[in-house]
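Residue-level structure breakdown
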Protein chains: 2
Amino acid sequence: MGILVVGSVVLDSVKTPFGIREEILGGSATYFSVAASYFTDVSIVAVVGTDFPEEHISFLQSKGVNISGLERQKGRTFRWKGEYGLNLNTCTTLDTQLNVFAGFSPKLLSPHRTQDYLFLANIDPDLQRSVLEQVRRPKLIACDTMNYWIENTRESLLKTLSKIDLLIINDAEAQQLSGESNITRAARNILSLGPSVVVIKRGEYGALMFNSKSVFSVPALPMEEVLDPTGAGDSFAGGLVGYLAATNSTDEASMRRAVVYGSVMASFDVMDFGPQRLGTLTYPEIESRYREFHRLAFFEDIVKNRFQGEEPL
Amino acid sequence: MGILVVGSVVLDSVKTPFGIREEILGGSATYFSVAASYFTDVSIVAVVGTDFPEEHISFLQSKGVNISGLERQKGRTFRWKGEYGLNLNTCTTLDTQLNVFAGFSPKLLSPHRTQDYLFLANIDPDLQRSVLEQVRRPKLIACDTMNYWIENTRESLLKTLSKIDLLIINDAEAQQLSGESNITRAARNILSLGPSVVVIKRGEYGALMFNSKSVFSVPALPMEEVLDPTGAGDSFAGGLVGYLAATNSTDEASMRRAVVYGSVMASFDVMDFGPQRLGTLTYPEIESRYREFHRLAFFEDIVKNRFQGEEPL
C-alpha cells in the first residue's frame, strides 16, 4: 500500500560536537519519506522555494519518492539552524526562517487523496485537518506534533487527535500534552483523546507503544558513535508507517515489528549528518540491524521449575 | 547454590510525594537478601546496633535469610534519611548516621567462606577486598559501588574491580567510573577494568547488560504508581544473583533471564515503602510479572519476504 506524507522540506544548518553542515537537506517529510521508501511507495506533499537545489530533488527521486506534490513556490525554502549539546540530548534552535512554508496550505492532487496510509508530520494542526478533509478515509492515519502546537493551538490539536489512529511523539511532548509526568498515565490520557495507539519516543532509551490492551517497549540500539540526531524521529515514523503500509497489516504483532523497523531506521539516521546514511541503505543492512535489535532485546519466556520454590512454578 | 551478601542493614527515614516513613527497615543487604530469598538460600554479613528492633530480625528470618553473620554491636544502628523529588528520579540525602556501621569490618564465619555466589554490596572497596581474602573463590563475585567510592577511593575500587566477575551499577556511576558519557563506551571501559559482565541500571528506563560479546537490554515495567524507589537497585541485584545461584548457571541465556528477574524484583520493591511489598510475594506473582516483562519486550524475529524490496530479503 502507498503512503502519503504531508510535512516540511527544509534546508538545515546543523552543528553537533562532531561537525558542522550548512544548508543540507532536511525536514520532516524528507526524513520520513526516505526511511519509508525502503518499504513501499511514498508520496510527499510539501513546499519549497525557487532556491531549492535540484540535487535534492534528484536524491528524493532516486529513492523512488513521488514528488508530484512537492510544490515549488516563489521565494526562499524553509531554513532551520540548530546546535546540539555535548551529549546530543539537547538541541538549541539558533534560527528558523519559515519563508515559503509560512503560507503552506496543502492541496492534494487526485492520486494523493486515496492513499491507504497517511502521515501528518509536525505541522499546524489546522493544516493537518485540512489534509484529512481532502482524503478518502485512509486505513491508517498517523500523526506527529510538537511543543509549539501543544502550547499555542491546543484546541485545534485536540480536534486533530480525535480524528487520527496513531500518534507518534516524544516523551516530553506526551507529558506536556497530557499534563502527566508519569509516562504510562500520560499515554493512557492521550489514548482517551482519540488515537487508538500512541508511540512515545525516548531518544537513547528507545520507544514505548501503548494501545488499550498492551504496552510494548523497544530499546534504542546502544551506539558508540552518534554524529547527528536530526531527523531521527521522522526516520522512526517512516520505518514504522513504511512497514505497516508494506505489509498492509496493523495487528499487534505487525505493530511491534513496525516499531522495531522504525527504531532500525532511526539508528541508521543518526550515524551521519542529514539523510546521508539513511539514503544509502541496502535491504541486507536493514534486515541485519533488525536482527541486531532482536538479539539486543531477546530473552526466553518462563521455563517451569527452574528455581527452588515452595510452590510448583 | 547459596549466596553470601555483605552490606548494610539500616533504619531508613524516607519521604516521597506519596508519604513519609520513619526508621523502617532498609539497607543494601536487607533489600538484596529479601529479593534473593525467593530464589535460593542467602546469608547476610552486616552489623546493627543494640537498638535494632527484634521485629526486623523476625522478618528476615521469616524470609529464610540466614542471619548468623548479622553482628549486633553496642551502639546505634546505621540511620539514613532521604527525600525524593516529585518524579522520584532525584533523591536528596538529609542525614546519614553511620553509627556502628562506621567500624564495620566483616568477619566471616566458617560456613560463609564457601558460598558459591557472593554479592559485595555498596561498601568501602577495602572492605569488599577484605571479604574476598576470607572466602574460597566463589563461582561468581558480583559487586556494587557508588559515587562516593568512585570519587574518594578510586585506587582501592579499581583493585576490587580487578577481582570481580559482575559489576552492577547505575548509569551515572558507570559514566563517573569510566569518564565516558556514552553508555556503550562507558561499559566497554569498565569491562577492561576486570569484570567480565557489567549491568547498568537506568531506573525507569530499565537496564543494559554488557559482556565482551553481546549487549542485552531489558525495559523497566511502565508503572502508574511508584511509592518509594528506595532499595530498587539492591532488589534488582538480589533477583539477578538469586536466579543465577538458584540455577547455578551463568551462560548468556541464564544471565539474560537473571537480569529480567532482577527487574521483576525491583518492580515489586517500588510499589510500597521499605521491603513491605518485596517481603510478601508469592511465586505465582513473581512468575506472572516475569511473563509481563516478556510480553512487554517481545517481538518476532525477521520473517522473510514480508515487505516489498528490490532485493530478496
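Please read all numbers here as calculations on a predicted model, not as lab measurements. (Residues numbered from 1 in each chain as written. Chains lettered and ligands numbered in written order. Predicted model: local features only at pLDDT ≥ 70, side-chain atom pairs only at ≥ 80, totals over all residues.)

**A look at the overall build of chain A**
When helices and strands are tallied, chain A shows ten helices and 13 strands. Taking 20 Å as the expected radius of gyration for a compact globule of 313 residues, we find that chain A reaches 19 Å, a close match to that expectation. Counting all 313 residues of chain A, 50% fall into the buried class. Sequence-distant contacts, at least 24 apart, represent 66% of the contacts inside chain A between residues at least 6 apart. (Helix = DSSP H or I, 4+ residues; strand = E, 2+ residues; numbered from the N terminus. Rg over C-alpha atoms; globule rule 2.2 N^0.38 Å. Buried ≥ 20, exposed ≤ 12 C-beta atoms within 10 Å, placed from the backbone. Contact = placed C-beta atoms within 7 Å.)

**Thoughts on the interface of chain A and chain B**
Taken together, the contact between chain A and chain B spans 44 residues of the former and 44 residues of the latter. Elements represented by at least two residues in the side of chain A that touches chain B include exactly helix H7 (183-191), strand S13 (215-218), helix H8 (232-247), helix H9 (252-269) and helix H10 (283-297) of chain A. With eight residues, H10(A) is the largest single contributor of residues to the side of chain A that touches chain B. Grouping the amino acids of the side of chain A that touches chain B by side-chain chemistry returns 22 nonpolar, eleven polar and eleven charged. (Nonpolar A, V, L, I, M, F, W, Y, C, P; charged D, E, K, R; others polar.)

**Brief notes about the sheet that holds strand S7 (residues 91-97) of chain A**
Residue and element names in this part refer to chain A. Read from one edge to the other, the open sheet built from four strands follows the order S3-S2-S6-S7, with strand pairing classed as mixed. The strands lining the two open edges of the sheet, one partner per strand, are strand S3 (19-26) and S7. Neighbour to neighbour, the strand axes of the sheet diverge by 15° on average, direction disregarded. One ladder, built from five bridges, connects strand S2 (residues 10-16) with strand S6 (residues 79-84); its direction is parallel. Looking across to S6, one finds that Leu-11 is bridged to Arg-79. (Pairing = 2+ DSSP bridges. Axes fitted to C-alpha atoms, helices over the stretch in contact; angles between N-to-C directions.)

**With respect to the relation of the copies chain A and chain B**
Least-squares fitting of chain A to chain B yields an RMSD of 0.0 Å, with the transformation described by 0.0 Å of translation along the axis and a rotation of 180°. One copy is carried onto the other by what is essentially a two-fold rotation axis. A share of 100% of interface residues in chain A that are also interface residues in chain B marks the association as one of identical surfaces. (Least-squares fit on C-alpha atoms with pLDDT ≥ 70 in both.)

**A look at the sheet that holds strand S12 (residues 207-211) of chain B**
All names here are of chain B. Taken together, the nine strands give an open sheet; going across it, the order is S5-S4-S1-S8-S9-S10-S11-S12-S13, and neighbouring strands pair in mixed fashion. Whereas interior strands pair on both sides, the edge strands pair on one side only; in this sheet they are strand S5 (66-73) and strand S13 (215-218). Here the average twist between neighbouring strands, direction ignored, is 15°. With four bridges connecting them, strand S1 (residues 3-6) and strand S4 (residues 42-49) associate as parallel partners. Counterpart to Ile-3 in the pairing with S4 is Val-42.

**So, the nonpolar core**
In terms of nonpolar packing, the biggest core is built from 200 residues, with A:Leu240 and B:Ala142 touching the most fellow members. Not counting the four nearest positions on each side in its chain, B:Ala142 is found in contact with B:Leu118, B:Phe119, B:Ile164, B:Asp165, B:Leu166, B:Ile168, B:Ala237 and B:Val241. (Core = buried A, V, L, I, M, F, W, Y, C linked by C-beta atoms within 7 Å.)

**So, the environment of A:Arg256**
Of note, A:Arg256 is situated in helix H9. Separated by 47 residues in the primary sequence, A:Arg256 and A:Met209 have C-alpha atoms spaced 8.0 Å apart. Excluding residues within four positions of it along the chain, A:Arg256 makes contact with A:Phe216 and B:Phe299.

**Here we look at helix H8 (residues 232-247) of chain B**
Residues and elements named next belong to chain B. If you check H8, its first and last C-alpha atoms are 23 Å apart, about what 16 residues at 1.5 Å a residue would give, namely 22 Å. Counting buried positions along H8 yields 16 of 16 residues, so the element is predominantly enclosed. Residue Asn-248 follows H8 closely and has a positive phi angle near 45°. (Expected span 1.5 Å × (residues − 1).)

**Overview of the pairing of strand S6 (residues 79-84) of chain B**
All names here are of chain B. Bridge analysis of S6 against strand S7 (residues 91-97) gives six bridges, and the strand direction is antiparallel. Opposite Lys-81, over in S7, you have Asp-95 as the bridge partner. Between S6 and S7, which pair antiparallel in sequence order, lie six residues; one of them, Leu-88, sits at a positive phi of approximately 65°.

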